[in-house]
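Examining the three-dimensional arrangement
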Amino acid sequence: NASALIYACALADFADINRDQFDIVAVTGNSLGWYLTLAAAGALDAQGGVRVVDTMGALMEAEGVGGQIVYPVSDADWRPSQTRADAVDDALSRAAAENAAAFLSIKLGGMAVLAGDEAGLAALERYLPQADERFPFRLARHAAFHTPLLAHVSRTALKELGPTIFNKPRLPMIDGRGAIHQPSAFDPEALHDYTFGEQITSTYDFSRAVEVALKEFAPDRLIVLGPGTTMGPPIAQELIKHGWRGLKSKSDFIAMQKNDPFMLAMGMDDQRARVSTGGAQAAAPA
């Protein structure tokens, strides 16, 4: 039931945004967040969204294989670390040389989410140098999302969930490639093929999605839906990477958030209040 609960909480947050104060200009999300994006933007109605989330959750539970590992590609001050990025590339190459299945699953700001079968995960754990005393860190109850290892799940989803489930969205949507789906160019077949095809079997580039949200829509604020606040750091790391509003470090970001927060996380009570009471601004929920 976890997927459906996350879906319900996130959509409740989206519905709670004060539209007299904020004009929503685009929506994006990470992994499961893509299904939430579809629902928030109107490409899925409430019932269709629940059907997609429940179907995909059940498929992953029944047919998911492999697992995921997270590893930092930023330093302690949330700046990109080429050394750590190179270590990830090297570990993936060495795993491939052993014919172990290991892939880059998600580009998540200052984190690389890696996935593979048991041999691939074991190889990654051997070859990735220890970082920050706890990485590489294997995620519990996770399958090898966004990799070719889930091609069989994709085939089932494409059959069970047809393109007629989609509606013309009300808002632009930014997917896991950084591609923008505009309401004026709605193509249910293309949306269907991506959502249940490439989105399941290929790397999800949330970092790119955030970059596109910033550079193509230039929002006054980024609103991060709940539950929780786990998406805050990856987004902040992308802001620092691109020098958004002059940010160069974690301390710069913290100072900005104290003085005039650019990112408003609805999982934090003080920032949630700002979403309901701030001035009229453009925002891109993530």
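Structure report, in brief. (Residues numbered from 1 in each chain as written. Predicted model: local features only at pLDDT ≥ 70, side-chain atom pairs only at ≥ 80, totals over all residues. Heavy atoms only, no water.)

Observations concerning the pairing of strand β3 (residues 67-72)
- Most of β3 sits inside the fold, with six of its six residues counted as buried.
- Residues Gly 67, Ile 69 and Tyr 71 point to one face of β3 and Gln 68, Val 70 and Pro 72 to the other, with burial holding for every one of them. (Buried < 20%, exposed > 50% of the residue type's maximum accessible area, 1.4 Å probe, protein only. Helix = DSSP H or I, 4+ residues; strand = E, 2+ residues; numbered from the N terminus.)

Focus: the environment of Arg 170
- Within the fold, Arg 170 resides in the loop between α6 (151-160) and β7 (173-174).
- Look at Arg 170 and you get exposed, because its relative accessible area is 60%.
- In the structure, Arg 170 is positioned 73 residues away from Ala 97 in sequence and 47 Å away in space, judged by C-alpha atoms.
- Beyond its immediate chain neighbours, meaning those up to four positions away, Arg 170 contacts Ala 39, Ala 40, Ala 41, Gly 42 and Pro 183. (Contact = heavy atoms within 4.5 Å.)

Focus on the packing of α6 against helix α7 (residues 188-201)
- Running from N to C, α6 and α7 point in directions that differ by 170 degrees, and their axes come no closer than 8 Å. By the angle between their axes, α6 is roughly antiparallel relative to α7. Across the interface between the two elements, Ala 151, Ser 154, Ala 157 and Leu 158 from α6 touch His 192, Asp 193, Phe 196, Gly 197, Ile 200 and Thr 201 from α7.
- Of the residues that constitute the contact of α6 with α7, the class distribution is five nonpolar, four polar and one charged. (Axes fitted to C-alpha atoms, helices over the stretch in contact; angles between N-to-C directions. Parallel < 35°, antiparallel > 145°, perpendicular 65-115°, else oblique. Nonpolar A, V, L, I, M, F, W, Y, C, P; charged D, E, K, R; others polar.)

A look at the layout of surface pockets
- The calculated volume of the second largest pocket comes to roughly 450 Å³.
- Around the second largest pocket sit 25 residues that line it, and Val 73, Ala 85, Lys 107, Gly 109 and Lys 241 are the ones nearest its centre.
- Of all elements in the fold, only α4 (82-97), β4 (102-108), β5 (111-116), α8 (206-217) and α9 (232-241) reach the threshold of two or more residues within the lining of the second largest pocket.
- When residues of the lining of the second largest pocket are assigned to their parent elements, the largest contribution, five residues, is made by α4. (1 Å grid on protein atoms, 1.4 Å probe; cavity = no way out; pocket = protein on both sides within 12 Å on 5 of 7 lines; lining within 4 Å. Points joined across faces, edges and corners; volume = space filled by probe spheres on them.)

What to know about the sheet that holds strand β8 (residues 180-181)
- Taken together, three strands build an open sheet; the order of strands is β2-β7-β8 and the sheet is mixed. Only two strands of the sheet have a single neighbouring strand rather than two, namely β2 (27-28) and β8.
- As judged from the two bridges shared by β7 and β8, these two strands associate in the antiparallel manner. Considered in β8, the bridge of Met 173 is made with His 181. (Pairing = 2+ DSSP bridges.)

What about the side chain of Ser 31?
- Inspection of the secondary structure puts Ser 31 in the loop between β2 and α2 (32-41).
- By relative accessible area, which is 15% here, Ser 31 ends up buried.
- At a separation of 2.8 Å, a polar atom in the side chain of Ser 31 contacts the side chain of His 146.
- Other than its neighbours up to four places away in sequence, Ser 31 contacts Ile 106, His 146, Gln 199 and Tyr 204. (Polar contact = N/O pair within 3.5 Å; in protein donor to acceptor, adjacent residues only side chain to side chain.)

Remarks on the sheet that holds strand β6 (residues 137-138)
- A sheet is described by the order of its strands in space; here five strands give the open sequence β6-β3-β5-β4-β9, paired in mixed fashion. Strand pairing shows two members of the sheet lacking a second neighbour, β6 and β9 (204-205), which therefore form its edges.

What to know about the pattern of salt bridges
- In the structure shown here, the tally under the stated rule is 15 salt bridges.
- We note a salt bridge from Asp 13 to Arg 272, for which the minimum N-O separation is 2.9 Å. Here the residue Asp 13 occupies a position in helix α1 (residues 2-16), and Arg 272 occupies one in helix α11 (residues 269-277), the gap between them amounting to 259 residues.
- Note that Glu 211 and Lys 215 form a salt bridge whose closest N and O atoms lie 2.7 Å from each other. Placement of both Glu 211 and Lys 215 in helix α8 is noted, with a separation of four residues, approximately one turn of the helix.
- Through salt bridges with shared partners, a single network forms among Asp 13, Asp 16 and Arg 272. (Salt bridge = Lys/Arg side-chain N within 4 Å of Asp/Glu carboxyl O.)

Brief notes about the pairing of β5
- With respect to burial, β5 is a largely interior element, five of its six residues being buried.
- With six bridges connecting them, β3 and β5 associate as antiparallel partners. Bridging across to β5, Gly 67 finds its partner in Gly 116.
- One ladder, built from six bridges, connects β4 with β5; its direction is antiparallel. By the bridge assignment, Leu 104 is partnered in β5 with Leu 114.

Considering helix α3 (residues 46-63)
- Compared with the 26 Å implied by 1.5 Å per residue over 18 residues, the 25 Å span of α3 between its first and last C-alpha is a close match.
- Within α3 the residues assigned to the buried category are Gly 48, Gly 49, Val 52, Val 53, Thr 55, Met 56 and Leu 59. All buried residues of α3 fall inside an arc of 165 degrees around its axis, so they share one side. Exposed side of α3, more than 90 degrees from the buried face: Ala 46, Gln 47, Glu 61 and Ala 62 are the residues found there.
- Among the structural elements, α1, α2, α6 and α7 are those in contact with the buried residues of α3. (Expected span 1.5 Å × (residues − 1). Arc of directions from axis to C-beta.)

Bear in mind that shape data such as this cannot, by itself, settle questions of function.
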